[in-house]
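Each chain is listed here by its residues.
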Amino acid sequence: MAIQVVVLFLIFSHSFGTDYLIPYNSNTEYASSAARVQPMQLPDPVAKKTLIGNVLRAALDAKPSPFKLDRDALKTSSCPKKGDVSSGGIDQFHWTSAKNLKACLNLDDYAIKTLSEAHSRYMKTLFNDKGEFAISKSDFKKLYPNEKGIVTLGGGRYTILAMLMIETVRRHGSTLPVEVMFPPEDEGEFDFCNNWLPKHNGRCVMMSQEVPFEILQKDKEVRFKSYQIKSLALLLTSFKQFVFIDADNNAMKNIDHIFDTEAFKTHGLILWPDLWKRFTNPGFYDIAGVKYDLGKRVRNVNDDASPPETYDPNHSIYTTHDLKQREEIAKHLYEDVSLADLDGTIADTTTESGQMMVDNKKHLSTLLLALYYNIYGPDLYYYMMSMGTAGEGDKETFISAAHVLHLPYYQVKTNIGFDGYVNDVDNQFKGVGLMQTDFEQDYQRHKQVLKELATEKPLEPVKYQLPNHFQDKMKNPDGTSLDIMFLHASFHKFDPADLAKSKQYFKQNGEQVRGYNRIDAYKNFDFELFSFKKLYDNLCTSDHISFKSLKKHEGTEFWTSMCSYFKQRVDFLTKTKPANAFI
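What follows is about the overall build of the chain. Within the chain one finds 23 helices and eleven strands. Over its C-alpha atoms the chain spans a radius of gyration of 25 Å, differing by no more than 12% from the 25 Å that the globule rule assigns to 583 residues. Across its three principal axes, the chain shows a C-alpha extent of roughly 80 × 65 × 45 Å. In the chain, the proportion of contacts linking residues at least 24 apart, taken out of those at least 6 apart, comes to 82%. Only carbon and sulfur atoms are counted for the fraction: they give 51% of the accessible area of the chain, which is about 24,300 Å².

Right, let's talk about the pattern of salt bridges for a bit. Note that side chains of opposite charge can pair when their charged atoms are close. Applying the stated criterion to the full structure yields 35 salt bridges. The salt bridge partner of Glu179 is Arg203, with a shortest N-O separation of 3.0 Å. One end of the pair, Glu179, is in strand S2 (residues 178-182); the other, Arg203, is in strand S3 (residues 202-206), and 24 residues separate them in sequence. For Arg203, a relative accessible area of 8% puts it in the buried group. Among the salt bridges present, the one from Lys533 reaches Asp537, with a minimum N-O distance of 3.0 Å.

This part is about the environment of Ser174. By the secondary structure assignment, Ser174 is in the loop between helix H7 (157-171) and S2. Not counting chain neighbours up to four residues away, the residues in contact with Ser174 comprise Ile150, Val169, Asn254, Ile255 and Asp256.

Residue placement: Leu234 occurs in the loop between helix H11 (229-233) and strand S4 (239-245). Its relative accessible area of 0% is what places Leu234 among the buried residues. Along the sequence, Leu234 and Leu371 sit 137 residues apart, while their C-alpha atoms lie 9.4 Å from each other. If sequence neighbours within four positions are ignored, Leu234 has contacts with Val151, Phe242, Phe244, Met356, Leu367 and Phe398.

In this section: the packing of aromatic side chains. Any aromatic ring pair is given by two values, namely how distant the centres are and how the planes are angled relative to each other. For the structure shown, the criterion picks out 32 aromatic pairs. Residues Tyr122 and Phe127 carry aromatic rings whose centres are separated by 6.5 Å and whose planes lie at 85° to one another, so their mutual orientation is edge-to-face. Side by side, Tyr122 and Phe127 carry an identical accessibility label, which is buried. Ring geometry for Phe494 versus Phe532: centroids 5.3 Å apart, planes at 70°, classification edge-to-face. Taken together, the residues Phe494 in the loop between strand S11 (484-488) and helix H21 (496-502) and Phe532 in helix H22 (residues 527-539) connect sequence positions 38 residues apart. For the pair Phe494 and Phe532, a shared accessibility class is recorded, and that class is buried. Clustering of aromatic rings is evident, with ring pairs tying together Phe67, Tyr122, Phe127, Phe284, Tyr285, Tyr292, Tyr372, Tyr373, Tyr376 and Tyr381. If you follow Lys63 out to its NZ or CZ, it ends over the ring of Phe67, 4.8 Å from the centre.

So, about the packing of helix H16 (residues 360-375) against helix H17 (residues 377-386). Between H16 and H17, whose axes approach to 6 Å, the crossing angle comes to 110°. As the angle between them shows, H16 and H17 are arranged roughly perpendicular. In contact with Tyr372, Tyr373, Asn374 and Ile375 of H16, H17 contributes Gly377, Pro378, Tyr381, Tyr382 and Met385. Classifying every residue of the contact of H16 with H17 by side-chain character gives seven nonpolar, two polar and no charged.

Another aspect to go through is the sheet that holds S11. On the basis of which strands lie adjacent, the open sheet formed by four strands has the order S5-S11-S10-S9 and antiparallel pairing. Single-partner strands in this sheet number two, and they are strand S5 (249-251) and strand S9 (417-422). Strand after strand, the sheet turns through a mean of 30° between neighbouring axes, direction not considered. Where S9 and strand S10 (residues 429-437) come together, six bridges link them in antiparallel fashion. Paired with Gly420 across the strands is Gly431, a residue of S10.

So, on to the side chain of Asp219. Along the polypeptide, Asp219 turns up in the loop between helix H10 (214-217) and H11. Only 3.0 Å separates the side chain of Asp219 from the side chain of Lys63, close enough to count as a polar contact. Not counting chain neighbours up to four residues away, the residues in contact with Asp219 comprise Leu60 and Lys63.

Moving on: the layout of surface pockets. Remark: the empty space left among the atoms is shown by a probe the size of a water molecule rolled over them. Volume-wise, the largest pocket comes out at about 850 Å³. Tyr158, Tyr227, Lys230, Asp246 and Asp394 are the residues nearest the centre of the largest pocket, which is lined by 32 residues in total. Elements with a contribution of two residues or more to the lining of the largest pocket: strand S1 (146-153) and H11. Broken down by class, the residue content of the lining of the largest pocket amounts to eleven nonpolar, eleven polar and ten charged. The volume enclosed by the second largest pocket comes to roughly 480 Å³. In terms of lining, the second largest pocket is formed by 21 residues, of which the most central are Thr414, Asn415, Ser481, Leu482 and Ile484. At the level of secondary structure, the elements contributing two or more residues to the lining of the second largest pocket comprise S9, S10 and helix H20 (468-471). Looking at the lining of the second largest pocket, its residues break down into eight nonpolar, seven polar and six charged.

Here the focus is helix H18 (residues 397-404). Burial analysis of H18 places eight of its eight residues in the buried class, the great majority of the element. Among the residues of H18, Thr397, Phe398, Ile399, Ser400, Ala401, Ala402, His403 and Val404 are the ones counted as buried. Of the residues flanking the end of H18, it is His406, one or two places downstream, whose phi is positive at about 60°.

Conventions used here
- Residues numbered from 1 in each chain as written.
- Predicted model: local features only at pLDDT ≥ 70, side-chain atom pairs only at ≥ 80, totals over all residues.
- Heavy atoms only, no water.
- Helix = DSSP H or I, 4+ residues; strand = E, 2+ residues; numbered from the N terminus.
- Rg over C-alpha atoms; globule rule 2.2 N^0.38 Å.
- Contact = heavy atoms within 4.5 Å.
- Areas by Shrake-Rupley, 256 points an atom, 1.4 Å probe, with all protein chains shown as cover.
- Salt bridge = Lys/Arg side-chain N within 4 Å of Asp/Glu carboxyl O.
- Buried < 20%, exposed > 50% of the residue type's maximum accessible area, 1.4 Å probe, protein only.
- Phe/Tyr/Trp six-rings, centres within 6.5 Å; stacked < 30°, edge-to-face > 60°.
- Lys NZ or Arg CZ within 6 Å of the ring centre and 35° of its normal.
- Axes fitted to C-alpha atoms, helices over the stretch in contact; angles between N-to-C directions.
- Parallel < 35°, antiparallel > 145°, perpendicular 65-115°, else oblique.
- Nonpolar A, V, L, I, M, F, W, Y, C, P; charged D, E, K, R; others polar.
- Pairing = 2+ DSSP bridges.
- Polar contact = N/O pair within 3.5 Å; in protein donor to acceptor, adjacent residues only side chain to side chain.
- 1 Å grid on protein atoms, 1.4 Å probe; cavity = no way out; pocket = protein on both sides within 12 Å on 5 of 7 lines; lining within 4 Å.
- Points joined across faces, edges and corners; volume = space filled by probe spheres on them.

Now the structure itself:
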C-alpha cells in the first residue's frame, strides 16, 4: 500500500483555506456579482485538483490491455441478441443468460487475466484492503465543506435546461444549494453564472480550473467527453451528500428531506431503474473479481421478494442429489435464466442515471472506481456493461462500482413510468417524459412486500405473472401509485431553439396538443405550462438571461418567432389547464 500513502500525502501536504464562494473566475467580467453570491464554502482548490490529478494518474497507470474491444470479432455465430429486451419482454429473457452473453462477447482467459490485472492495479493504488479510500475526517471536511446540495451539468443547451430544472426545484420549495458543472468547451455563461444563478442559491464550477486535463491528454488513445464527463463532475462537488439531477430532469416535489430518509441513511447510494433488462457480461464480474453463483437463482428481474419456486418450475429440484437432474438444472440456469437473476450479480433492471443520490462519506470510493470505468468506457467498459443496448454509456458504471466494492446501494423497484401524448401523424403514443418514483416510499413499500411474500403461500409458476405479481404489490395498499419524484423530460427536451424550429406540439392542421398529460401524477402541478412560461419570462422580456447557445439568435427574426411560439404555447396551456392544477 506504499503507493496509496504517497497519493494521500500529495493530496494533503499543504495548508487548506477557509474561502467562501466567490465568482468562478477572477477576472473583472465575473467579479462584479460577488456581493450577490451566497455564503457557500469552497473546497480548497489545490487540494481538489491534487486529488483529481493523482486519481487520473492512477487510472492511466492502470490502463487496460486490450484497450479496445473488437465487438464484431468477439461475437460468435451463436449470439442470439437482435436488439434491446424490456423488463416485460419475457420471450427474450434467455438472450441475457450467461451462455448467450458470453456468445455475444467471448473474452478468452488471457484477455480476462490482463484486464483483471489492470483493474486490480487501480484498486490497489487507491483503496485499502477493505475497498475504502482512506481519508481522515478533517481532510474529508476540507475537500467537502458543505453538507447537502444539488449537482448538475451545464453547457450549451443544457445550461438553459439547468435553469428550468432549478426553477422547478425552487417552485416546489427546496432551498438546497446548487452547483452547475461546466466542461472546458462550454465555459462562458457569464450572465447565467454571475447574475441569475447566485440569486437562486447556486454557483458555477468550471471544470478546467478544477481538473488537470493535461494528464489525460498525455495518452493519445484516451478520450474523455460526452457521457464520461458526469463521472468527473461528481468528484468536483463541495457537498458531502448530494443529489445529481440531469439538466433535463425535474423534481416533482420538495426534495429537501431526501437526505434524512431511512433508505439514504442505510445505503448512501440511491439509483432509479430504466426500462431495459441488464446485459452485463460475465467477463466483467471475472475482471473485477466479483464472485457469482451460476447454480443459484435468487430473483426474477426486479422481483426479489417472491420465493424462486413461484416463478421457476425447476426450483423444487435445485437441491437434488440425482446427478442427471443436477446437470439439467445447471444447463437450465446457464442457458435459459438471466445472469442478472443469479446470486452475486447486479439485479435487473438497468439504471436510468438522470438522477442519483450519493453520500460521499460512504461512496467516495464508488465515484473513484466509476471514474476508472468511464475513462475506459467508450472502448471497453460501456460495452461490457451494456452490450450495445439502449442508453449505453456511463449509466451502469455507478451501480457496477458500488457492487464491485461490496458497498450498499438501493435501486428503486417500481418500474419507470411514461408521460406523453398521441401523435396525430400515426395515432401512436409518443413518450416525452420518464416518471421516476419517490425512492423512500418505494423502499418502505418494498420492506412490507418482503414481509408479505415471506408469509404467503407461494403461487404455482403457471399462475405467476411478471411484472404484475410483484409490481402490483409495490403500490399503496389502496391500489394507488406511489408518488412521482422526478420527471425526466428527455424527449422532447425543453431546448427553446429546437422546440420553436420544429413547432413541437402543433398538429399538422395547426391545432396544439398537450405533451404532458399526467398532471394528476404530479399532484396537480402543471409542469408543461410552468416550463413554457419560464422560457418566455427568462428569454422574451427586456431583462432576459443571455445564454451562450442562443446569443447568435438574439435580435433576429428567429428570436421573435421563438418568443411568439412560447406565447402561443403559454396561452394554449393556460386555457387547457385543469381547474385544480397549479404552476
